[in-house]
Every structure is written in structure tokens, then in C-alpha cells.
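Below, each chain spelled out in residue letters.
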Amino acid sequence: MAYIKHMLDEARYLAGTAATLEQTAFLTDPTLQRAFVRSLEIIGEGQARSLALSRPPPIHPMARHGRDARPSDPRLSWGRL
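The present account deals with the structure reproduced in this document. Since this is a predicted model, take the numbers as computed values, not measurements.

Side note on the packing of helix 1 (residues 2-19) against helix 3 (residues 30-54)
The geometry of a pair of packed helices is captured by two quantities: the angle between their axes and the separation between those axes.
And step 1. Packing of helix 1 against helix 3 leaves a shortest axis separation of 9 Å and a crossing angle of 150 degrees. Classed by the angle they form, the pair helix 1 and helix 3 counts as roughly antiparallel. Seen from above, helix 1 lies across helix 3 with left-handed handedness. Residue-level inspection shows Tyr3, His6, Met7, Glu10, Ala11, Tyr13, Leu14, Thr17 and Ala18 of helix 1 in contact with helix 3, the latter providing Leu32, Ala35, Phe36, Ser39, Leu40, Ile42, Ile43, Gly46, Gln47, Arg49, Ser50 and Leu53.
And step 2. Across the contact of helix 1 with helix 3, the residue classes break down as 13 nonpolar, six polar and two charged.

See below:
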């Protein structure tokens, strides 16, 4: 959950700073532009990591059928193959 807190902190920074910032001041200040870009990167990275944590781990194709990966077709005689 630390990712979500970082995302929220950065969103608050962006909203608070943008609320009092004139467009010309932003466009003429490369340091401020970089700060905004970095905040957006942090939000994006946090979102990607939180999604990765919420997904179940991938299942190996051979594990889908249990320990024995052979299909359970009764017409096949696996012992003779």
C-alpha cells in the first residue's frame, strides 16, 4: 500500500502547485516542468506496481492439469505411447 500513498502524495503536490501557478511561469521554469514530469512518473510507476501486486501469479501451462499434464481422454492409451 506504500505505492498508493506515494501516488496520493504526488497527486496532491501536482494539484496544490498547479492551483496557484500561472501558465507562463510553468512554461519558463524547466526545473518545475521536470518536477511535474517526475511526479507523473511516480504516479505511473505506483499504478503499475499496484496492478502487478493485485494480479495472481501466472500459471505454468504444464501445471494447469495438475501433476500429470497428459489430457484425460479415455480413448488414448498413454502407457503404450
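Digging into the packing of aromatic side chains
And step 1. Enumeration over the complete set of coordinates arrives at two aromatic pairs.
And step 2. Pairing Phe26 with Phe36 gives two aromatic rings, centres 5.1 Å apart and planes at 65 degrees, and the pair type is edge-to-face. Separated by 10 residues along the polypeptide, Phe26 in helix 2 (residues 23-27) and Phe36 in helix 3 bring together distant segments of the chain.
And step 3. On the accessibility criterion, Phe36 (13% relative accessible area) is buried.
And step 4. Grouped by ring-pair contacts, the aromatic residues Tyr13, Phe26 and Phe36 constitute a single cluster.

Examining the pattern of salt bridges
Note on pairing: side chains with opposite charge can pair once their charged atoms come close.
And step 1. Under the criterion given, the structure shown has three salt bridges.
And step 2. Connected via shared salt-bridge partners are Arg38, Glu41 and Glu45.

Focus: helix 1
And step 1. For helix 1, spanning 18 residues, the distance from its first C-alpha to its last is 26 Å, which sits close to the expected 26 Å at 1.5 Å a residue.
And step 2. Among the residues making up helix 1, those that are buried are Met7, Glu10, Leu14 and Thr17. Buried residues of helix 1 fall within an arc of 110 degrees about the axis and therefore sit on the same side. Exposed residues on helix 1 whose side chains face more than 90 degrees from its buried face are Lys5, Arg12, Ala15 and Ala19.

Analysis parameters
Residues numbered from 1 in each chain as written. Predicted model: local features only at pLDDT ≥ 70, side-chain atom pairs only at ≥ 80, totals over all residues. Heavy atoms only, no water. Axes fitted to C-alpha atoms, helices over the stretch in contact; angles between N-to-C directions. Helix = DSSP H or I, 4+ residues; strand = E, 2+ residues; numbered from the N terminus. Parallel < 35°, antiparallel > 145°, perpendicular 65-115°, else oblique. Left-handed = near helix turned anticlockwise from the far one by under 90°. Contact = heavy atoms within 4.5 Å. Nonpolar A, V, L, I, M, F, W, Y, C, P; charged D, E, K, R; others polar. Phe/Tyr/Trp six-rings, centres within 6.5 Å; stacked < 30°, edge-to-face > 60°. Buried < 20%, exposed > 50% of the residue type's maximum accessible area, 1.4 Å probe, protein only. Salt bridge = Lys/Arg side-chain N within 4 Å of Asp/Glu carboxyl O. Expected span 1.5 Å × (residues − 1). Arc of directions from axis to C-beta.

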